[in-house]
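Reading the structure
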Amino acid sequence: LEDYINMISTFKFEMISSALVSSLYLVQANVSATLKKTNENLELIVDSRTKELKVANAQLKVLNQKLTSSNEDIIALNENLEKIVDSRTAKIKVQLNQLEKYAYMNSHEVRAPVARILGLMNLIRMEQNELLKQDLLEKLNNSTLELDAVIKKMNLLLEAESFNDL
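Scope of this entry: the structure provided in the associated data block. (Residues numbered from 1 in each chain as written. Predicted model: local features only at pLDDT ≥ 70, side-chain atom pairs only at ≥ 80, totals over all residues. Heavy atoms only, no water.)

1. Concerning a nonpolar patch on the surface
The criterion, for reference: Here, patches come from residues exposed beyond 30% relative accessible area and free of salt bridges, joined within 9 Å for like charges and within 5 Å for nonpolar side chains (Val, Leu, Ile, Met, Phe, Trp, Tyr). Working definition of accessibility: Shrake-Rupley area with a 1.4 Å probe, residue cover restricted to the visible protein chains. The salt bridge criterion pairs a side-chain nitrogen of Lys or Arg with a carboxyl oxygen of Asp or Glu, the two atoms within 4 Å. We count a stretch as a helix when DSSP gives it H or I for four or more residues in a row; a strand needs E for two or more, and each element gets its number in order from the N terminus. Type-normalised accessible area, obtained with a 1.4 Å probe on protein chains alone, sets the label of each residue: buried when under 20%, exposed when over 50%, and partly exposed for intermediate values.
A surface patch of nonpolar side chains, about 370 Å² in accessible area, is lined by Tyr4, Met7 and Ile8. If you trace the backbone, Tyr4 turns up in helix α1 (residues 2-126). You can call Tyr4 exposed: its relative accessible area is 57%.

Here is the structure:
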């Protein structure tokens, strides 16, 4: 009987040890399975995010190309606008010079014959002597012809400069 009792106490220890080892094995197997599933889920999430990032990256590349193209277009437009502004500024300077020439001609070359015509008209009105009136009328005619020549000269100058603008 003592042998049975010794055997039973040894058997108890072996049973408890076996149950404990088996439980630890089951816990380890359960943890391992959970870790495996978690790892698989993480891999799926990483793959999904990687695909999303690739799509977003491709969209960003397209947008970057569009922005670069738009920027190049804007640079070209700015250069063209600068050329247009320079051209118009040059035309305005030419027109200003034309106006200055016209103003000079108007104030000097046109004004002198007009002043003589007005003066001669006053003298003719006051003159009683017919011979002197005829002489004054001749001078009036000469001043009128001079004024006509200046006006024709101005017209030719303005027409020539107008054709240069075309």
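Additional details are given in the paragraphs that follow.
2. A word on the pattern of salt bridges
Note that side chains of opposite charge can pair when their charged atoms are close. One pass over the full model with this rule turns up four salt bridges. A salt bridge links Lys139 to Asp135; the shortest N-O distance between them is 3.7 Å. Of this pair, Lys139 and Asp135 both sit in helix α2 (residues 130-165), four residues apart, which is roughly one turn of the helix. When its relative accessible area of 43% is taken as the criterion, Lys139 is described as partly exposed.

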